[in-house]
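# Observations on the three-dimensional arrangement
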Amino acid sequence: MSKGCLPHQITEEAPLMTDFIERETPTTVIGKQVRYDTGLDWSMSCLRTTLLAEAVGKYLIPELNSEQKQLCFEWGPVEMLVCETLYETREKKKKRPGCPFVYVVRKDQDVYSHTLRKLFNESHGIFVGLQKDEKEKVGKSRTTQLVRVSKSYRSVIRACMEDSHQVAVSAWDPAMRAQHSTQVSILSAMELIWNLCEIMFIEAAPAGPLLLHLLDWVRLHVCDVDNMVGEVLKSENSAKHENFWNAITIFVLQGRMDEARQLLSKEASANPASVSMCKILDELMKKMPVLSLGNTQTLTEMELKWQHWHDECQRFLQDGTFASNPHMETICKILLGDENTILGKRDLMTTWYHFLVTRLLYCHPTVKPMELHLYAQSSLDQFLGGENSPEPLDIILLAAFEFDIHQVIKECSIALSNWWFVAHLTDLLDHCNLLQSHNLYFGSNMREYLLLEYASGLFCHHSLWQLAVDYFDYCPEYGRAYLELHIERIPLDTEHKALKVLRICEQRMMSDQVRSICKIMAMKAVRNNRLGSALSWSIRAKDAAFATLISDRFLKDYCERGTFSDLDLIDNLGSAMLLSDRLTFLGKYREFHRMYGEKQFFPAAKLLLTLMTARIAPSSFWMTLLTDALPLLEQKEVIFSADQTYELMRCLEDVMATKSKNTTFQDDDTEAIKVEMLRLALARNLARAIVKEGTLEE
């Protein structure tokens, strides 16, 4: 099943997802006997599976209609639930309806690979840099810029490949060694494909320079010759080494004439009888006409020189100049472009595309880009000889030689285990204006679709999700919608992580997500009895109801302990206290305590009376406010005026009236004593206030 499928039900005609589920017990699904092999290796697929029953037991789904003969499944954010409608046991082979088991199919685990994490992290910077680069560049400057970006991507792939190779070499565990060796092969194939796409689509070199780029491509990716030459040169007598002529031949097959001539000189030194032949062959290799990137020579001039050189090679071969040395004669035939001779060295070339480039070098040096696919197909057919069918890599390379960009992307999507390659390659090709004409039927273009899929995969990882945010940012059509959906599913394990997510949402004006995150963190803080943090999150969410709830918790704790927690937060609420009446009361009540502590009795008394008459305090807290007035009523100096004292008396009577039906209150001696003390203090203060105010009037 390809990546990115929509939720649906699989019928008899569709492929079975259970084919990819590891299971020891055979089962009948949709009337078919399916064999399950444990340790299923599906390395070229996007899904890796885990049997839920092995981890947490078997879950049952009741009330499924087994007669529908369907395998039902549903996609989640990073995994899929699968359930069977028919199954059988080992004891009874009879089909019978019942409650089937539930399986969890997870996406590929590439995002958890330590070696690939470097690929994801470093390519992210290249991607963002490309999006921010000047769009005004055109012509050669723009092409040069895009080629530079392409090479940066390739350098990251190669660095990861080298890291994986080092891990594979140093690993003691055979399974681990095999895993990383496979990863090296995959990364090598990725770089090979990318490099060819760079040559064919981005540089788009014309006839002449095109062959030079293809030669560099082959030399970079077929490295066996370097190891072989190293062994030859280390021997005491290089010319007598068993691979001496193989090394010269493969140098010639790759067009590396200077290295071939250097090795050939050792044959002349070691064998005086062959000096004459070596000199002639050396001269032929030296004279071989080759276009250089900075050369102003026309293709017509190149073809004339090449034909003259070709005739000279033909003359020496027909004269039997190299008849006494079969190795030199073979090399001369290769120079003449004898396809049978070149094909006879397939064991040295190892791949059909090496054969293709060698064939072009000696038979069609001025090949035009649009002719490549003809030679590529025939080279593949000749090299395989009808004995083997093409591998996925062969199909991808053929599509590139045919300039079929969409086929390259399609085949890579199928063959590779994650979306990294196709997402970044497609983005780069889109910047080359090569994909403008191809829009997908559901609205988004190919570039955006692949970037969305890749970024969605990154959101499965506990830290790589931060990279995915930038990819969504550069998807103009659906990027924001995807980001909103994915960011809500990030587990907010710590406040530090929550603040990261919150900052991302705030920068993008995602107000709903900001409120959701703040509410989640506020609830977590409340459950952990961290009221200060909870209040801070609720203020940030601008959630008045939750702020009221937490303010009540603060007041309740104060009543129980007599002190406030998180004083720094409450003292610095500022305008945030206006979020709710209860929060306003909490902030002002704390301000009253601060004034009282600083012996600012008159402002404190005025504020306390305002809090009581404003009725913003919870009814359960009224008696506490009146009790706070007692120390002020007992001061030597009259703090409350007569009018203020009357207000306090009225508040006390309101409290008594509210609680008149509360038998608990009536039977509580402590509360009764407190009320009597308040009445006595209020009466005494009223008398003092009247005397004072009357004296002042006289």
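Residues numbered from 1 in each chain as written. Predicted model: local features only at pLDDT ≥ 70, side-chain atom pairs only at ≥ 80, totals over all residues. Heavy atoms only, no water.

## Some points on the overall build of the chain
Each helix and strand counted, the chain has 32 helices and seven strands in total. Each of the 698 residues in the chain was classed as buried or not, and the buried ones make up 48%. Carbon and sulfur atoms form 52% of the exposed surface of the chain, whose accessible area is close to 35000 Å². (Helix = DSSP H or I, 4+ residues; strand = E, 2+ residues; numbered from the N terminus. Buried < 20%, exposed > 50% of the residue type's maximum accessible area, 1.4 Å probe, protein only. Areas by Shrake-Rupley, 256 points an atom, 1.4 Å probe, with all protein chains shown as cover.)

## Things to note about the packing of aromatic side chains
One pass over the full model with this rule turns up 23 aromatic pairs. When the ring of F120 is compared with that of Y454, the centres are 6.1 Å apart and the planes differ by 55°; the resulting orientation is tilted. One end of the pair, F120, is in helix α2 (residues 114–132); the other, Y454, is in helix α19 (residues 446–458), and 334 residues separate them in sequence. Between W217 and F401, the ring centres sit 6.1 Å apart and the planes meet at 75°, which makes this aromatic pair edge-to-face. Highlighted residues: W217 in helix α5 (residues 209–221) and F401 in helix α16 (residues 392–401), separated in sequence by 184 residues. Per residue, the accessibility class of W217 equals that of F401, and both read buried. Among the aromatic side chains, those forming a connected cluster through ring pairs are F120, F127, Y454, Y471 and Y474. (Phe/Tyr/Trp six-rings, centres within 6.5 Å; stacked < 30°, edge-to-face > 60°.)

## Comments concerning helix α15 (residues 372–384)
For an α-helix, 3.6 residues make a turn, and residues three or four places apart therefore share a direction. Counted at 1.5 Å a residue, the expected span for α15 with its 13 residues is 18 Å, and the 18 Å between its end C-alpha atoms agrees. For α15, the complete set of buried residues consists of L372, Y375, A376, S379, L380, F383 and L384. Along the axis of α15, the buried residues cluster in a sector spanning 145°; they form a single face. After α15 finishes, the residue G385 shows a positive phi value of roughly 65°. (Expected span 1.5 Å × (residues − 1). Arc of directions from axis to C-beta.)

## Points about the environment of S580
With respect to the secondary-structure elements, S580 resides in the loop between α26 (567–571) and α27 (581–597). Assessed through its relative accessible area of 8%, S580 is described here as buried. Along the primary structure S580 and S551 are separated by 29 residues, whereas in three dimensions their C-alpha atoms are 9.4 Å apart. Ignoring anything within four residues of it in the chain, the contact list for S580 reads A544, A547 and T548. (Contact = heavy atoms within 4.5 Å.)

## Re the environment of E598
With respect to the helices and strands, the residue E598 is situated in the loop between α27 and α28 (601–613). Of note is the side chain of E598, whose polar atom sits 2.6 Å from the side chain of Q600. (Polar contact = N/O pair within 3.5 Å; in protein donor to acceptor, adjacent residues only side chain to side chain.)

## Looking at α19
The end-to-end C-alpha separation of α19 is 19 Å, in line with the 18 Å expected for 13 residues at 1.5 Å each. Most of α19 is tucked away: 12 of the 13 residues are buried. Tucked inside the fold, the buried residues of α19 contact α2, α17 (405–415), α18 (420–431), α20 (465–473) and α21 (479–487).

## Digging into unusual backbone geometry
Not every positive phi belongs to a glycine, and A204 is a case in point at roughly 50°. Relative to the helices and strands, A204 is located in the loop between α4 (174–203) and α5. Classification of A204 as partly exposed rests on a relative accessible area of 47%. With phi around 60°, N529 is a residue other than glycine that occupies positive phi space. By the secondary structure assignment, N529 is in the loop between α23 (511–527) and α24 (531–541).

## Observations concerning the packing of α4 against α5
A pair of packed helices can be characterised by two numbers: the angle between their axes and the separation between those axes. Packing of α4 against α5 leaves a shortest axis separation of 10 Å and a crossing angle of 170°. Between α4 and α5, the angle is such that the two are roughly antiparallel. Residues E191, L192, N195, L196, I199, M200 and E203 of α4 touch α5, and the partners they reach there are L210, H213, L214, W217, L220 and H221. Class assignment of the residues belonging to the contact of α4 with α5 gives a composition of eight nonpolar, three polar and two charged. (Axes fitted to C-alpha atoms, helices over the stretch in contact; angles between N-to-C directions. Parallel < 35°, antiparallel > 145°, perpendicular 65-115°, else oblique. Nonpolar A, V, L, I, M, F, W, Y, C, P; charged D, E, K, R; others polar.)

## Here's the deal with the pattern of salt bridges
Under the defined criterion, the tally for this structure stands at 27 salt bridges. The shortest N-O distance in the salt bridge between R515 and D512 comes to 2.5 Å. Here R515 and its partner D512 are both found in helix α23, three residues apart, which amounts to about one turn of the helix. When the shortest N-O distance is used, the salt bridge between R679 and E676 registers 3.7 Å. With R679 and E676 both in helix α32 (residues 669–697), this residue pair falls three residues apart, about one helical turn. Residue classification places R679 among the partly exposed residues on the basis of a relative accessible area of 34%. Here E676 falls in the partly exposed class, since its relative accessible area comes to 47%. Connected through shared salt-bridge partners, R154, R158, E191 and E198 make up one network. (Salt bridge = Lys/Arg side-chain N within 4 Å of Asp/Glu carboxyl O.)

## Considerations on the confidence of the model for the chain
The share of residues in the chain with pLDDT of 70 or more is 80%, and the mean pLDDT across the chain is 79. Between residues 1–64, whose pLDDT stays under 50, and residues either more than four places distant or in other chains, the model counts 144 contacts. (pLDDT = per-residue confidence, 0-100.)

## Section: the packing of α4 against α16
Taken N-terminus to C-terminus, the directions of α4 and α16 make an angle of 10°; their axes are 10 Å apart at the nearest point. In terms of their interaxial angle, α4 and α16 are classed as roughly parallel. Across the interface between the two elements, A189, L192, I193, L196, M200 and F201 of α4 pack against L393, I396, L397, A400 and F401 of α16. Here the residues of the contact of α4 with α16 sort into 11 nonpolar, no polar and no charged.

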